[in-house]
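Residue strings, one per chain:
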Amino acid sequence: KFTFTATGFVDPDAPLSLSLEISRDGGNSYTTILTDYTSLSYTTILPFGKQDEDFNITVRGRVKDLYGASSLPATVVVQAFRPANASGAALVEAVKNAAESTLEQARQSGDVTEVVSVASALGEMLTDAGSGSGSSGEVENVASNIVDTLDAALSSGAVTEGAQQAAAETAANVIEATGSGSSQEFKEKAASFISNLIDKTLGSGNGMSTDTGTAFVRGLAAMMSGGSSDLAQDLFANVKSIRNQTSANLVPGEDPVTIQANGVSTYGAAAEAEDVQGNYSVGEYGMSLPTSFSLGTSGVITVEIIGAESQPYPETDEGSPSTGVTSITFYKDGVEYDISNHSDPLTIFIPLTNGASNTTLSSCLFWDETEKTWRGEGCTYQLFNEYLAACMCTHLTDFAGGTLVTPAPTPAPSPSSSGSSPSGSGSSSSGDPGTGTGGVPLVMIIAIVASVAGVLIIVGSVVGVLKAKKKKKSMSR
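So, here's what we can say about the structure. (Residues numbered from 1 in each chain as written. Predicted model: local features only at pLDDT ≥ 70, side-chain atom pairs only at ≥ 80, totals over all residues. Heavy atoms only, no water.)

## Let's talk about the overall build of the protein chain
And then number 1: For the protein chain, the count of helices and strands is eight helices and 20 strands.
And then number 2: Out of the 477 residues belonging to the protein chain, those deemed buried represent 46%.
And then number 3: Looking at the protein chain as shown, the accessible area adds up to about 22600 Å², and 50% of this sits on carbon and sulfur atoms. (Helix = DSSP H or I, 4+ residues; strand = E, 2+ residues; numbered from the N terminus. Buried < 20%, exposed > 50% of the residue type's maximum accessible area, 1.4 Å probe, protein only. Areas by Shrake-Rupley, 256 points an atom, 1.4 Å probe, with all protein chains shown as cover.)

Quick look at the structure:
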């Protein structure tokens, strides 16, 4: 365990609070372990350092006052060695033992901050230990213990924004540690925890930072492949919510907000309506607007894109996707905007993932959320290159490349055999019994009318559906 203390701070805007971040890669990236702690001294465990960094961990701390004004960051480097000769299954066992003792102590303290901090350290240790350990069952048991502890602690009351971010990062770490072979039961538990944490984050009224959104996407994307179709769709819906929240406060002129993690990419950008033109993309997922495309001269447009290598939607009787998904949405002044009144199609780009190729794709598909099936209206497939499929579409939604299944036509009913030979060479005079106008058998006229009426009923059904101030201070240990 390590104790970190900030001393010598005086400020009339009390209470003062302590925030800590750690880096295991020499300060290139940091993970939050403590936010707005109302004591300036904190004791916690830290994850193992990395061998290629000589087991060094850089700890960065700040002190804030009541109004959020912050000191300059101060850093200290400590060493956290992994257990001697521990690797593989032995290292997993060491993390398991540490989790059982430290999580229980954190639970008994009743301090949500301590629970999140301990879980964060254990999550990073589990990520290291689980990689190539061959102990997937034990890794999942430890991960499940961490998720259960976090869930119970965060359900007990209000949680700071920093604690929410740390919890999201921890969830992502333990999910990644379990790998693609984790059980459906664990995936459902972890997905439920992340969904509840997203709701808590949004319910706080503070919005969602890009860092928190990135942590959520990491965890969700790690579970999207290999799970049930229903779970994958729920995970993808949560990614959409995160994309929307991280883009919600963008204004024209700001840099786009992008998140890329575990095969999922999100993008959000804002522009004045008259300036929306050209190409928008994140990685290879994106679109190209025709030169004739116009959204008018007033209002602010937000363009949001998601690309996912794993396909969250299932094969249906109407369509079979063979790529991932590209999802695109426009918002005008905060309201989802329908582009279907634009005559010239947009070009939607879909990377060829999951073994797909332009020689095997034949259709552009879009997911009909109402009918829960694939459809193809308003889209035309075009060959682009060996890496990308291009769909020319007159609407926006979730797109994929694949095969559209066209139902076989219903054969016409056979004429009645009454009064005719098997070859159909019987009497056909207009006055004969069993025939109608022009010699067409009455049974055929009835069948045709019923068929047409059936088509009208179906069309009617489809139409119905379409409807602070800054202070310079110092920190010491």
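Once you've had a look at it, read on.
## Looking at helix 3 (residues 136-154)
And then number 1: Taking 1.5 Å per residue, 19 residues should reach 27 Å; helix 3 reaches 27 Å between its end C-alpha atoms and fits that length.
And then number 2: Looking at helix 3, one finds that the buried residues are V139, E140, V142, A143, S144, I146, V147, T149, L150, A153 and L154. (Expected span 1.5 Å × (residues − 1).)

## Side note on the state of the cysteines
And then number 1: Taken as a whole and assessed by the stated rule, the structure comprises two disulfides.
And then number 2: With a sulfur-sulfur separation of 2.0 Å, C364 is cross-linked through a disulfide to C391. Around the S-S axis, the bridge from C364 to C391 shows a dihedral of about -100 degrees and counts as left-handed. Here C364, found in strand 16 (residues 363-368), pairs with C391, found in strand 19 (residues 388-393); they are 27 residues apart in sequence, far enough to count as distant.
And then number 3: Residue C379 pairs covalently with C393 via a disulfide, S to S 2.2 Å. Torsion about the S-S bond of the C379 and C393 cystine: about 120 degrees, corresponding to right-handed handedness. (Disulfide = S-S within 2.5 Å.)

## Details of the pattern of salt bridges
And then number 1: In this structure the tally under the stated criterion is twelve salt bridges.
And then number 2: In this structure, E138 and K96 form a salt bridge, with 3.3 Å as the shortest nitrogen-oxygen distance. Of this pair, E138 sits in helix 3 while K96 sits in helix 1 (residues 89-109); the two residues are 42 residues apart in sequence, bridging distant segments of the chain.
And then number 3: For E138, a relative accessible area of 29% gives the class partly exposed.
And then number 4: According to the relative accessible area criterion, K96 is partly exposed, its value standing at 23%.
And then number 5: Between E377 and R375 there is a salt bridge, with the nearest N and O atoms lying 2.8 Å from each other.
And then number 6: Judged by relative accessible area, which is 17%, R375 ranks as buried. (Salt bridge = Lys/Arg side-chain N within 4 Å of Asp/Glu carboxyl O.)

## Remarks on the environment of T380
And then number 1: With respect to the secondary-structure elements, T380 resides in strand 18 (residues 379-383).
And then number 2: Of the residues examined, T380 reaches a relative accessible area of 47% and is grouped as partly exposed.
And then number 3: Apart from residues no more than four positions distant in its own chain, T380 is found in contact with C364, A390, C391 and M392. (Contact = heavy atoms within 4.5 Å.)

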